[in-house]
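# Fold and geometry: a report
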Amino acid sequence: MRESLSAEPLYLASTLAELLDDEPEAFELAALIAQGESWRRRAHALGRIGRFQLEAAIQSVHCARAISSLTDWMALRKLYEALVSIAPSLESRVSLAAIIGRVEGALAGLESLDGITDVAVGRFQPA
(Lines give C-alpha, C1' and ligand atoms only; values in the text may rest on other atoms or scores of the structure.)
Protein backbone atom coordinates (compact mmCIF):
# COMPACT_ATOMS: atom_id res chain seq x y z
CA MET A 1 0.00 0.00 0.00
CA ARG A 2 2.82 2.42 0.84
CA GLU A 3 4.24 2.10 -2.69
CA SER A 4 0.91 2.96 -4.29
CA LEU A 5 0.50 6.00 -2.03
CA SER A 6 3.96 7.34 -2.87
CA ALA A 7 3.38 6.92 -6.61
CA GLU A 8 0.15 8.94 -6.61
CA PRO A 9 1.66 12.39 -5.86
CA LEU A 10 4.34 11.83 -8.49
CA TYR A 11 1.71 10.86 -11.05
CA LEU A 12 -0.49 13.85 -10.23
CA ALA A 13 2.38 16.36 -10.23
CA SER A 14 3.79 15.00 -13.49
CA THR A 15 0.36 15.04 -15.13
CA LEU A 16 -0.21 18.61 -13.99
CA ALA A 17 3.18 19.67 -15.38
CA GLU A 18 2.43 18.07 -18.73
CA LEU A 19 -1.01 19.65 -18.94
CA LEU A 20 0.20 23.11 -17.92
CA ASP A 21 3.27 23.17 -20.11
CA ASP A 22 3.63 26.95 -19.95
CA GLU A 23 3.38 27.20 -16.15
CA PRO A 24 6.75 27.06 -14.34
CA GLU A 25 5.11 26.50 -10.95
CA ALA A 26 3.63 23.21 -12.21
CA PHE A 27 7.11 22.07 -13.25
CA GLU A 28 8.57 23.06 -9.90
CA LEU A 29 5.86 21.20 -8.01
CA ALA A 30 6.84 18.09 -9.95
CA ALA A 31 10.51 18.86 -9.29
CA LEU A 32 9.88 18.70 -5.53
CA ILE A 33 8.80 15.07 -5.98
CA ALA A 34 11.01 13.46 -8.65
CA GLN A 35 12.89 14.09 -11.90
CA GLY A 36 13.74 17.38 -10.28
CA GLU A 37 16.49 18.83 -12.38
CA SER A 38 14.72 18.12 -15.67
CA TRP A 39 11.54 19.84 -14.49
CA ARG A 40 13.56 22.71 -12.96
CA ARG A 41 15.28 23.40 -16.29
CA ARG A 42 11.92 23.55 -18.08
CA ALA A 43 10.54 25.96 -15.49
CA HIS A 44 13.64 28.15 -15.60
CA ALA A 45 13.40 28.44 -19.37
CA LEU A 46 10.00 30.15 -19.02
CA GLY A 47 11.57 33.14 -17.26
CA ARG A 48 9.10 33.53 -14.40
CA ILE A 49 9.82 32.75 -10.77
CA GLY A 50 7.52 31.50 -8.05
CA ARG A 51 7.45 29.90 -4.65
CA PHE A 52 7.79 26.32 -5.85
CA GLN A 53 10.73 27.24 -8.08
CA LEU A 54 12.54 28.72 -5.11
CA GLU A 55 11.71 25.78 -2.85
CA ALA A 56 12.92 23.33 -5.49
CA ALA A 57 16.12 25.34 -5.97
CA ILE A 58 16.71 25.29 -2.21
CA GLN A 59 16.34 21.51 -2.20
CA SER A 60 18.67 21.28 -5.17
CA VAL A 61 21.37 23.15 -3.24
CA HIS A 62 20.95 20.74 -0.34
CA CYS A 63 21.07 17.73 -2.68
CA ALA A 64 24.27 19.02 -4.28
CA ARG A 65 25.92 18.67 -0.88
CA ALA A 66 25.75 14.88 -1.29
CA ILE A 67 28.03 15.17 -4.32
CA SER A 68 30.39 17.96 -3.31
CA SER A 69 30.29 17.61 0.49
CA LEU A 70 29.87 21.40 0.57
CA THR A 71 26.84 23.58 1.14
CA ASP A 72 26.56 26.78 -0.88
CA TRP A 73 25.36 28.97 1.98
CA MET A 74 25.39 32.16 -0.11
CA ALA A 75 23.13 30.55 -2.71
CA LEU A 76 20.79 29.39 0.05
CA ARG A 77 20.71 32.87 1.52
CA LYS A 78 19.79 34.44 -1.83
CA LEU A 79 17.13 31.81 -2.46
CA TYR A 80 15.58 32.23 1.00
CA GLU A 81 15.65 36.03 0.67
CA ALA A 82 13.76 35.68 -2.60
CA LEU A 83 11.33 33.19 -1.05
CA VAL A 84 10.63 35.49 1.89
CA SER A 85 10.02 38.38 -0.51
CA ILE A 86 7.44 36.56 -2.68
CA ALA A 87 5.93 34.00 -0.29
CA PRO A 88 6.70 35.04 3.27
CA SER A 89 6.09 32.45 5.92
CA LEU A 90 7.29 31.93 9.45
CA GLU A 91 9.20 28.84 8.35
CA SER A 92 11.05 30.62 5.55
CA ARG A 93 11.94 33.55 7.82
CA VAL A 94 13.34 31.22 10.49
CA SER A 95 15.31 29.32 7.86
CA LEU A 96 16.71 32.58 6.51
CA ALA A 97 17.74 33.62 10.04
CA ALA A 98 19.56 30.30 10.48
CA ILE A 99 21.40 30.78 7.20
CA ILE A 100 22.31 34.36 8.10
CA GLY A 101 23.73 32.95 11.35
CA ARG A 102 25.80 30.51 9.35
CA VAL A 103 27.06 33.14 6.88
CA GLU A 104 27.48 36.21 9.12
CA GLY A 105 27.79 34.65 12.55
CA ALA A 106 25.51 33.66 15.39
CA LEU A 107 24.79 37.22 16.55
CA ALA A 108 23.55 38.27 13.10
CA GLY A 109 21.39 35.15 12.92
CA LEU A 110 19.89 35.82 16.33
CA GLU A 111 19.23 39.46 15.40
CA SER A 112 17.46 38.27 12.26
CA LEU A 113 15.44 35.80 14.31
CA ASP A 114 14.53 38.53 16.81
CA GLY A 115 13.32 40.67 13.90
CA ILE A 116 10.54 38.22 13.06
CA THR A 117 7.31 39.91 14.12
CA ASP A 118 4.92 36.99 13.55
CA VAL A 119 3.15 36.32 16.86
CA ALA A 120 3.37 32.57 16.20
CA VAL A 121 7.16 32.65 16.49
CA GLY A 122 6.91 31.86 20.20
CA ARG A 123 5.05 28.64 19.44
CA PHE A 124 7.25 27.60 16.54
CA GLN A 125 9.80 25.14 17.96
CA PRO A 126 12.60 25.76 15.41
CA ALA A 127 12.56 29.46 16.35
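What comes next concerns the included structure. All values reported here derive from a predicted model rather than from experimental measurement. Each chain carries its own residue numbering, running from 1 in the direction its sequence is written. In view of the model being predicted, local features appear only for residues whose pLDDT reaches at least 70, and side-chain atom pairs are presented and counted only at 80 or more, with totals across whole chains, interfaces and linings using the full set of residues. To obtain the side-chain values, all non-hydrogen atoms of the structure were used and water was disregarded.

The next thing to look at is the packing of helix α4 (residues 51-68) against helix α5 (residues 73-86). Lines fitted to C-alpha atoms define the axes, with helix axes restricted to the stretch in contact, and inter-axis angles between N-to-C directions lie between 0 and 180 degrees. Here a helix means four or more residues in a row that DSSP labels H or I, a strand means two or more in a row labelled E, and each is numbered from the N terminus. Between α4 and α5, the shortest axis-to-axis distance is 10 Å and the interhelical angle comes to 160°. With respect to their mutual orientation, α4 and α5 come out roughly antiparallel. As α4 packs across α5, the resulting crossing turns out to be left-handed. Note on element contacts: α5 touches α4 through Ala 75, Leu 76, Leu 79, Tyr 80, Ala 82, Leu 83 and Ile 86, opposite Arg 51, Leu 54, Glu 55, Ala 57, Ile 58, Val 61 and His 62. When describing relative orientation, an angle under 35 degrees is termed roughly parallel and one over 145 degrees roughly antiparallel, while 65 to 115 degrees is termed roughly perpendicular and anything else oblique. When the near helix sits turned anticlockwise from the far one by under a right angle, the crossing is termed left-handed; a clockwise turn instead gives a right-handed crossing. Only heavy atoms enter the contact rule, under which two residues are in contact if any of them lie within 4.5 Å.

With 18 residues, α4 should cover 26 Å at 1.5 Å per step; its first-to-last C-alpha distance of 26 Å lies within 8% of that length. When a residue's accessible area, from a 1.4 Å probe over protein chains only, is under 20% of the maximum for its type it is buried; when over 50% it is exposed; and in between it is partly exposed. Listed as buried for α4 are Gln 53, Leu 54, Ala 56, Ala 57, Ile 58, Ser 60 and Val 61. Backbone geometry just after α4 places Ser 69 at a positive phi near 65°. What a helix should span is 1.5 Å times the count of its residues minus one.

Our next topic: the side chain of Gln 53. Tracing the sequence through the fold places Gln 53 in helix α4. Engagement of the side chain of Gln 53 in a polar contact is seen with the backbone nitrogen of Ile 49, the distance being 3.4 Å. Every residue in contact with Gln 53, bar those within four places of it in the chain, is listed here: Pro 24, Glu 25, Glu 28, Ala 43, His 44 and Arg 48. Counted as a polar contact is a pair of N or O atoms within 3.5 Å, where, for protein atoms, one must be capable of donating a hydrogen and the other of accepting one, and residues adjacent in sequence contribute only when both atoms are in side chains.

Time to look at the environment of Asp 21. Within the secondary structure, Asp 21 sits in the loop between α1 (2-19) and α2 (24-31). Along the chain, Asp 21 and Ala 43 lie 22 residues apart, while their C-alpha atoms are 9.1 Å from each other.

Any two side chains of opposite charge can pair, given that their charged atoms come close. The working definition used for a salt bridge is a side-chain nitrogen of Lys or Arg within 4 Å of a carboxyl oxygen of Asp or Glu. Considering all chains together, one arrives at five salt bridges under this definition. One salt bridge connects Arg 42 with Glu 18, and the closest N-O pair in it is separated by 3.5 Å. In this pair, Arg 42 sits in helix α3 (residues 36-45) while Glu 18 sits in helix α1, placing the two residues 24 residues apart along the sequence. Residue Arg 42 is classed as partly exposed on the basis of its relative accessible area of 34%. Given the relative accessible area of 47%, Glu 18 is considered partly exposed. One salt bridge in this structure joins Glu 23 and Arg 48, with 3.7 Å as the shortest N-O distance. Taken together, the positions of Glu 23 in the loop between α1 and α2 and Arg 48 in the loop between α3 and α4 put the pair 25 residues apart, joining distant regions of the chain. Take Glu 23: its relative accessible area is 29%, and that puts it in the partly exposed class. A network of salt bridges, in which partner residues are shared, links Arg 77, Glu 81 and Glu 104.

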